[in-house]
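Summary of structural features
Listed below, chain by chain, are the residues.
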Amino acid sequence: MRLRYGLLALVLVACAPVDEEELVHDDAELGDSLPFDEGKADGYGVPASLGLDKNRVVYLTFDDGPSAVHTPRVLDTLRAHGAKATFFITGGSIAGNEGLIRRMRDEGHIVANHQWSHVIASSTQFRGWVTRERDLLRSIAGEMPQFFRYPYGAMASWKETILKAEGYLDGGVGWDIDTLDWDFGPDGVAARAEVPATYKRNFEGYVMYRMNQRGGGVMLMHDVQSITAQRLDSILTRLEHEGYRFGELPRRRAGFIGDDCETDDDCGFANGFCLGGVCTQPCTSTCPDRAGYPTTRCARLSDGEGASVQVCAQDCSSVACRADAAECVAATSPSGLARRVCWGL
Ligand SMILES: [Zn+2]
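Residues numbered from 1 in each chain as written. Predicted model: local features only at pLDDT ≥ 70, side-chain atom pairs only at ≥ 80, totals over all residues.

**Things to note about the overall build of the protein chain**
Defined as follows: Under the DSSP-based scheme used, a helix requires at least four consecutive residues in state H or I and a strand at least two consecutive residues in state E, with every element numbered from the N terminus. As a rule, residues whose C-beta atom has 12 or fewer other C-beta atoms within 10 Å are exposed, those with 20 or more are buried, and those in between are partly exposed; C-beta atoms are placed from the backbone. Residues are scored as being in contact if the C-beta atoms we place from backbone atoms lie within 7 Å.
A tally of regular secondary structure across the protein chain gives seven helices and 13 strands. Counting all 345 residues of the protein chain, 45% fall into the buried class. In the protein chain, once contacts between residues fewer than 6 apart in sequence are set aside, the share between residues at least 24 apart is 71%.

**A word on the packing of helix 3 (residues 123-141) against helix 4 (residues 157-165)**
We apply this condition: Fitted lines through C-alpha atoms serve as axes, helices being fitted only where they are in contact, and the angles separating the N-to-C directions of these axes extend from 0 to 180 degrees. For classification, angles of less than 35 degrees are called roughly parallel, those exceeding 145 degrees roughly antiparallel, those between 65 and 115 degrees roughly perpendicular, and all remaining angles oblique. Helix crossings are classified by the rotation of the near helix relative to the far one: an anticlockwise turn of less than a right angle makes the crossing left-handed, while a clockwise turn makes it right-handed. All amino acids are sorted into three groups, where Ala, Val, Leu, Ile, Met, Phe, Trp, Tyr, Cys and Pro are nonpolar, Asp, Glu, Lys and Arg are charged, and the leftover types, Gly among them, are polar.
Put simply, helix 3 and helix 4 touch, their axes get as near as 10 Å, and they point 20° apart. Regarding the angle of helix 3 to helix 4, the classification is roughly parallel. The two elements helix 3 and helix 4 meet at a crossing, and its hand is right-handed. For the pair helix 3 and helix 4, the contacting residues are Ser123, Phe126, Arg127 and Val130 in the first and Trp158, Lys159, Ile162 and Leu163 in the second. Tallied by class, residues from the contact of helix 3 with helix 4 come to five nonpolar, one polar and two charged.

**A word on the nonpolar core**
The line we're drawing: A set of buried residues qualifies as a nonpolar core if it consists of Ala, Val, Leu, Ile, Met, Phe, Trp, Tyr and Cys joined through C-beta atoms within 7 Å.
If you look at the biggest cluster of nonpolar residues, it comprises 53 residues, and the most contacted ones within it are Val58, Phe87, Ile89, Val111, Ala112, Phe147 and Met219. The greatest single-element share of this core, amounting to six residues, is contributed by helix 7 (residues 226-241). Contacts of Phe147, omitting those with residues within four sequence positions, involve Thr86, Ile110, Ala112, Tyr168, Val173 and Leu249. Counting residues in hydrophobic clusters, the runner-up holds six residues, among them Cys267, Cys274, Leu275 and Cys279.

**A few points about helix 1 (residues 71-81)**
The following threshold applies: What the arc describes is the spread of directions from the helix axis to the C-beta atoms.
Looking only at helix 1, the buried set comprises Thr71, Val74, Leu75, Thr77 and Leu78. One side of helix 1 holds all its buried residues, which, seen down the axis, span an arc of 160°. As for helix 1, its buried residues are in contact with strand 2 (57-63), strand 3 (85-89), helix 2 (98-106) and helix 7. At the exit of helix 1 stands Gly82, carrying a positive phi of roughly 65°.

**A look at the packing of helix 1 against helix 7**
Running from amino to carboxyl end, helix 1 crosses helix 7 at an angle of 10°, the nearest separation of the two axes being 9 Å. As judged from the angle between their axes, helix 1 and helix 7 are roughly parallel. Residues Arg73, Val74, Thr77, Ala80 and His81 of helix 1 lie in contact with helix 7, whose contacting residues are Thr228, Ala229, Leu232, Asp233 and Leu236. Class assignment of the residues belonging to the contact of helix 1 with helix 7 gives a composition of five nonpolar, three polar and two charged.

**As for the pairing of strand 3**
This is how the line gets drawn: Being paired, for any two strands, means DSSP has found at least two bridges between them. Viewed with both strands pointing away, a crossover whose connecting path from the first strand over the helix to the second turns clockwise is right-handed.
Counting buried residues in strand 3 gives five out of five residues, a clear majority hidden from the surface. As defined by bridge partners, strand 2 adjoins strand 3 across four bridges and the pair is classed as parallel. Looking at the pairing, Thr61 lines up with Thr86 of strand 3. For the crossover from strand 2 across helix 1 to strand 3, the handedness is right-handed. As defined by bridge partners, strand 3 adjoins strand 4 (residues 110-113) across four bridges and the pair is classed as parallel. When the sheet's bridge partners are listed, Phe88 is paired in strand 4 with Ala112. Since strand 3 and strand 4 lie parallel, the crossover through helix 2 that links them has a hand, and here it is right-handed.

The values reported here are purely geometric and, on their own, carry no functional implication.
Given below as structure tokens:
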């Protein structure tokens, strides 16, 4: 694909406003399991697109944190076992815990998005929150979060469409094994009907029972739960003794606008393609930004023959363009204001 562009107009992509008025009670510490008699939400499962090997492989995931009280111990335990995990972080838990998020990253864990508030989001909320938490996690951890998990596994097809457009290539990531750690709680006694009587007071036994039913897969725990912080070392030891190993969700080359590329496959973000040796994207959504670079904007460009196309470009009004992949050109927005825009040609 080779086009020669002339810049026609600049179209800014605005974030949807967050509708705080629709916020309902945030019950992050109650875990993600829906009431047993209501069944699981549709699509709480693990996308096949991840291509996970679940044969005696456990993918550890911790939701609803970070917790200044419990997460450090969870991280200590993971380090002792040489196990990597994915932390699905609730946006409301970020403030004050930025250091823990950087520690997760530094110790090789995946920092992921568990929605800003732990509620079943409305359309307005969801659109605003996906971008809001993505941008905040990226500013703290220095990389785009690649994975998203719905509170309660509350998937919907319209949410999947938004996630994939925002760079979460697999949509929502659910779980195979629900440990019900929140239900066992601090007293270690489970109330949920699906916990067999023999395990009502045996959290670790229940975890192993469920794991052995499945033989491996993505395991749901919560690093805001004291029982999880206290028993994790024992659980990981038991898993190791029974021949399980700990896997990692696959990190992809999601890339960013402006990354060097040879083929479209090098531009793994949503709708990305390789143009003139640089990754770009049709301007149907917010562009995947790189930390430390200016926010990408959508610019409507056309080639010398008049055909138009929309690609993402960097607004370089305040920051210099990358010398190796972009050049600055003057552009005019629909309102008539001149801007300088980087584009990768
Ligand atoms: Zn949760």
